[in-house]
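# Survey of secondary and tertiary structure
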Amino acid sequence: MANGMQRQKAAKNWIGDAVKREGRVRKYLGVAKGEKIPMGELDNAIRDIKGRKGGDKSLLAALQLAKRFKQPGGI
């Protein structure tokens, strides 16, 4: 029974666990805290990293997660 409760708690707090380095996307994009990140900047950054050979996969994942959070009806 305890194992089921742990899974339920983990499922509930997955977003907090998914964000490993808070502010990383803002720092990469040069957007100050408190300002909104334009969707176009996220798209351009994702495209830029995908276009690089050996691009930073963890930064790409962080950018994609940020984009998903911004989308209407997103997570």
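Conventions we followed
Residues numbered from 1 in each chain as written. Predicted model: local features only at pLDDT ≥ 70, side-chain atom pairs only at ≥ 80, totals over all residues. Heavy atoms only, no water. pLDDT = per-residue confidence, 0-100. Helix = DSSP H or I, 4+ residues; strand = E, 2+ residues; numbered from the N terminus. Axes fitted to C-alpha atoms, helices over the stretch in contact; angles between N-to-C directions. Parallel < 35°, antiparallel > 145°, perpendicular 65-115°, else oblique. Left-handed = near helix turned anticlockwise from the far one by under 90°. Contact = heavy atoms within 4.5 Å. Nonpolar A, V, L, I, M, F, W, Y, C, P; charged D, E, K, R; others polar.

## Some details on the confidence of the model for the protein chain
When the pLDDT values of the protein chain are averaged, the result is 82; 72% of them are 70 or greater. Put simply, helix α1 (residues 2-12) is where the protein chain has its lowest mean pLDDT, 64, and helix α4 (residues 39-51) is where it has its highest, 94.

## A few points about the packing of α4 against helix α5 (residues 57-70)
Where α4 contacts α5, the axes come no closer than 10 Å and their chain directions differ by 155°. Classified by the angle between their axes, α4 and α5 sit roughly antiparallel to one another. The handedness of the crossing between α4 and α5 is left-handed. Where α4 abuts α5, its residues M39, L42, D43, A45, I46, I49 and K50 lie against L59, L60, L63, Q64, A66, K67 and K70. Residues belonging to the contact of α4 with α5 are distributed by class as follows: nine nonpolar, one polar and four charged.

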